[in-house]
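Observations on chain architecture
The primary structure of each chain is shown beneath.
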Amino acid sequence: MTARGQELVSKDLKTARGGRLACALALALLSAFPAQPSFAQFPGDRPPPVPPGSIPDVPSGPAISLAPPSGPASAPLLPAPLTQPPVAAVTPPVTSPLPPNPATPGQGVLALTARYGKDMPVIGNGLVWRVYSDRPDETGAFKLIREDRGATPNIVLPPGSYVVHVAMGLVSAVRPVTVKSDTDRESFVLPAGGLRIEGRVGSSKIPQNQISFSIYKGSQFETGERAPLLPSVPAGDVVLLQEGTYYIVSNYGDANSTVRSDIRVQASKLTDVIITHRAAVITLKLASDKGGEALANTAWSVITPAGDVIKESIGAFPRVVLSEGEYRAIAKNEGKVFERAFNVVNGVDGEIEVVAR
């Protein structure tokens, strides 16, 4: 089922290449290194790793945010979830000054920048640069030569061939470079876009703690099982993704209010998605008499007219989010069973009282 009332709004991000040689190098490394959570790599199809190094799987925690960092970055050698600058408040990058003279005679300087697109401004935050040897050592590993988390680093290196990998969250690029005894300027393109999602019932915004989103690569109509790229994205967070088609599975509550929506992420754009659920919050109550006190220790089952169990719970006042439609509430208390049919109307929260008689 696709989302009803889905709205897409694109905005300029204000800030964000690799050659065939880099791809060939990556393919040659397939047997040596595990899959990397990079932009072109998703848990479902597992293409070969791009950087010549071991990269951990994508964590299943919070989505990558464009909010300012709240603490020092971790992971000394491997890319970690990165925080990005706010979309509306991107500041110009602080460029590392080129050394007036290389640290050692005969060395060169590798001046690095990254952009969201060829003609876009330089990205000012959130990048992790790694420079690797272009040949494996005796163990088959590609040695990490330098790492830098600056926006526009100037790295002093001996002349020679290297592989440069840049990562920004799930987005990455790789390129072989040759350093000579002067300054080599290399600019990378990270075709990334931002995605921000919220859920609504009618015109009312669903509270952040009642809804979550999973993001998958491709369209929901494509065949085959896929694991989510990001399994639990909170409402309102901005996630950074490679430009392309994705689908969102939106879960309101933990019962049957689920909506699937195809979306398109554009490079250098922030896309806002509003997903509309047709559901309501229902509170269940078992009482000895109409309007009486709720009976504790009541076991509840909410079923469809066809007998499918939608939700089970125990308590005096359990609350459940249900899609609009027809249901039956079954209450079990002290060995007795009571039930009542009821309808859920979109956006109309309410209480369903079952009388124990």
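Definitions and limits used
Residues numbered from 1 in each chain as written. Predicted model: local features only at pLDDT ≥ 70, side-chain atom pairs only at ≥ 80, totals over all residues. Heavy atoms only, no water. Helix = DSSP H or I, 4+ residues; strand = E, 2+ residues; numbered from the N terminus. Buried < 20%, exposed > 50% of the residue type's maximum accessible area, 1.4 Å probe, protein only. Areas by Shrake-Rupley, 256 points an atom, 1.4 Å probe, with all protein chains shown as cover. Pairing = 2+ DSSP bridges. Polar contact = N/O pair within 3.5 Å; in protein donor to acceptor, adjacent residues only side chain to side chain. Contact = heavy atoms within 4.5 Å. pLDDT = per-residue confidence, 0-100. Axes fitted to C-alpha atoms, helices over the stretch in contact; angles between N-to-C directions. Phe/Tyr/Trp six-rings, centres within 6.5 Å; stacked < 30°, edge-to-face > 60°. Lys NZ or Arg CZ within 6 Å of the ring centre and 35° of its normal.

Scanning the protein from N- to C-terminus turns up one helix and 23 strands. With 357 residues in all, the protein has 45% of them scored as buried. Only carbon and sulfur atoms are counted for the fraction: they give 52% of the accessible area of the protein, which is about 17,400 Å².

Sheet topology note: the strand S18 (residues 299-303)/strand S19 (residues 309-314) ladder contains five bridges and is antiparallel. Paired with Ile303 across the strands is Val309, a residue of S19. Between S18 and S19, which follow one another and run antiparallel, lie five residues, and Gly307 among them has a positive phi close to 95°.

Within the secondary structure, His277 is located in the loop between strand S16 (269-276) and strand S17 (279-287). Judged by its relative accessible area of 0%, His277 is buried. A polar contact is formed between the side chain of His277 and the side chain of Ser250, at a distance of 2.7 Å. Every residue in contact with His277, bar those within four places of it in the chain, is listed here: Arg200, Val201, Gly202, Ile206, Ile211, Ser250, Asn251, Tyr252, Ser257, Thr258, Val259 and Asn346.

With that settled, consider the pairing of strand S20 (residues 319-323). Every regular strand shows the same layout, with side chains that alternate between the two sheet faces. Burial of S20 is extensive: four of the five residues sit out of reach of the surface. Pairing of S17 with S20, which is carried by five bridges, proceeds in the antiparallel orientation. Residue pairing across strands places Ala280 opposite Leu322, the latter belonging to S20.

Turning to the confidence of the model for the protein, a few remarks are in order. Summing up the model confidence of the protein, the mean pLDDT is 78 and the portion of residues at 70 or higher is 71%. Between residues 1-96, whose pLDDT stays under 50, and residues either more than four places distant or in other chains, the model counts 239 contacts.

Taken together, the three strands give an open sheet; going across it, the order is S5-S2-S8, and neighbouring strands pair in mixed fashion. Two strands bound the open sheet, and with one partner strand each, they are strand S5 (154-157) and strand S8 (183-189). Looking at each pair of strands side by side, their axes are set apart by 25° on average, direction ignored. Inspection of the sheet shows strand S2 (residues 108-115) paired to S8 by seven bridges, in the parallel sense. Among the inter-strand pairings, Leu112 is bridged to a residue of S8, identified as Glu186.

For the rest of this paragraph, the subject is the sheet that holds S18. Read from one edge of the open sheet, four strands run S19-S18-S21-S22, paired in antiparallel fashion. In this open sheet, the two strands that pair with only one neighbour each are S19 and strand S22 (336-344). The sheet shows a mean angle of 20° between the axes of neighbouring strands, taken without regard to direction. Relative to strand S21 (residues 325-333), S18 is paired through five bridges, and the arrangement is antiparallel. The residue of S21 that forms the bridge with Ala299 is Lys332.

Take the environment of Asp289 next. Within the secondary structure, Asp289 is located in the loop between S17 and S18. C-alpha separation for the pair Asp289 and Arg357, spaced 68 residues apart in sequence, amounts to 8.0 Å. Those residues within four positions of Asp289 in sequence are excluded, and the remaining contacts are Glu353, Val355 and Arg357.

What follows is about the packing of aromatic side chains. Considering all chains together, one arrives at three aromatic pairs under this definition. An angle of 5° between the planes, with centres 4.8 Å apart, marks the rings of Tyr216 and Tyr247 as stacked. Residue Tyr216 is located in strand S11 (residues 211-217), and its partner Tyr247 is located in strand S14 (residues 244-252); the two are separated by 31 residues in the primary sequence. Judged by its relative accessible area of 9%, Tyr247 is buried. Looking at Arg175, its charged tip hangs above the ring of Phe188, at a distance of 4.2 Å from the centre.

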